[in-house]
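Listed below are the residues making up each chain.
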Amino acid sequence: MTIFLAAGFLAGGLAMLLLSKERFRNAFDGWRYADDFPDGFLKVIGVMKLLAVAGLILPAVTGTATWLVPLAALGLVLLMTGATTTRIIRKEWGAAVGDLVFWSLAAFVAFGRLEVVPF
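Treat the numbers as computed from the prediction; the structure is a model and nothing was measured.

Reading guide: rules and limits
Residues numbered from 1 in each chain as written. Predicted model: local features only at pLDDT ≥ 70, side-chain atom pairs only at ≥ 80, totals over all residues. Heavy atoms only, no water. Helix = DSSP H or I, 4+ residues; strand = E, 2+ residues; numbered from the N terminus. Buried < 20%, exposed > 50% of the residue type's maximum accessible area, 1.4 Å probe, protein only. 1 Å grid on protein atoms, 1.4 Å probe; cavity = no way out; pocket = protein on both sides within 12 Å on 5 of 7 lines; lining within 4 Å. Points joined across faces, edges and corners; volume = space filled by probe spheres on them. Nonpolar A, V, L, I, M, F, W, Y, C, P; charged D, E, K, R; others polar. Expected span 1.5 Å × (residues − 1). Contact = heavy atoms within 4.5 Å.

Q: Quick question: what am I supposed to make of unusual backbone geometry here?
A: Only a minority of non-glycine residues have a phi that is not negative, and only a minority of peptide bonds are not trans. Phi is positive for Ala 65, which is not a glycine, with a value near 50 degrees. In this fold, Ala 65 is placed in the loop between α3 (39–62) and α4 (68–89). For Ala 65, a relative accessible area of 30% gives the class partly exposed. Its identity as a non-glycine residue notwithstanding, Lys 91 has a phi of 60 degrees, on the positive side. With respect to the helices and strands, the residue Lys 91 is situated in the loop between α4 and α5 (93–116).

Laid out in structure tokens, this is it:
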């Protein structure tokens, strides 16, 4: 489950960092929210996503600082709470459901690594 979460956020984070705002917003219909934010803000979100991916994957691979995995997942829960709120404000209901799926995956990983199967 963690690898799917990391893959999704890796793709989104790289897109935010590597694409111009114009190309990013036109890549998918669901990414038109980019118009509501300055270019630098989108880059910061991209960096946050990539840091969370590192926090999800590297501790599990190296076996060190494994406490970072649930914290990274909780950070993604917070990030996706903001994303879902933005979608609701914009009345983008379908995209809000997609954001809630990622929210649920992040919450599942956080709970799983905190309570069910800690490292």
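So that's the structure; there's more coming.
Q: What exactly am I supposed to notice about the layout of surface pockets here?
A: Over the atoms, a rolled probe matching the size of one water molecule traces out where space is still vacant. Of the voids in this model, the largest pocket is the one considered here, and its volume is about 520 Å³. Along the walls of the largest pocket sit 24 residues, with Tyr 33, Lys 49, Met 80, Arg 87 and Asp 99 positioned nearest its centre. Sorting the residues of the lining of the largest pocket by element identifies α1 (2–18), α3, α4 and α5 as the ones contributing at least two each. Looking at the lining of the largest pocket residue by residue, the class counts come to 15 nonpolar, six polar and three charged.

Q: Honestly, α3 in this entry has me stumped. Any pointers?
A: Because an α-helix completes one turn every 3.6 residues, residues spaced three or four positions apart along the sequence face the same direction. If you check α3, its first and last C-alpha atoms are 34 Å apart, about what 24 residues at 1.5 Å a residue would give, namely 34 Å. Every buried residue of α3 is accounted for by Leu 42, Ile 45, Gly 46, Lys 49, Ala 52, Val 53, Gly 55, Leu 56 and Pro 59. Against α1, α2 (21–27), α4 and α5 lie the buried residues of α3. A positive backbone phi angle near 80 degrees is found at Gly 63, which sits one or two residues after α3.

Q: How do you make sense of the environment of Tyr 33 when you look at a structure like this?
A: Along the polypeptide, Tyr 33 turns up in the loop between α2 and α3. Once the C-alpha coordinates of Tyr 33 and Leu 50 are considered, the two residues, 17 residues apart in sequence, prove to be 20 Å apart. Once you skip the residues sitting within four places of it in the chain, Tyr 33 turns out to touch Met 16, Phe 24, Leu 42, Thr 86, Arg 87 and Arg 90.

Any functional reading would require information beyond the geometric quantities listed.
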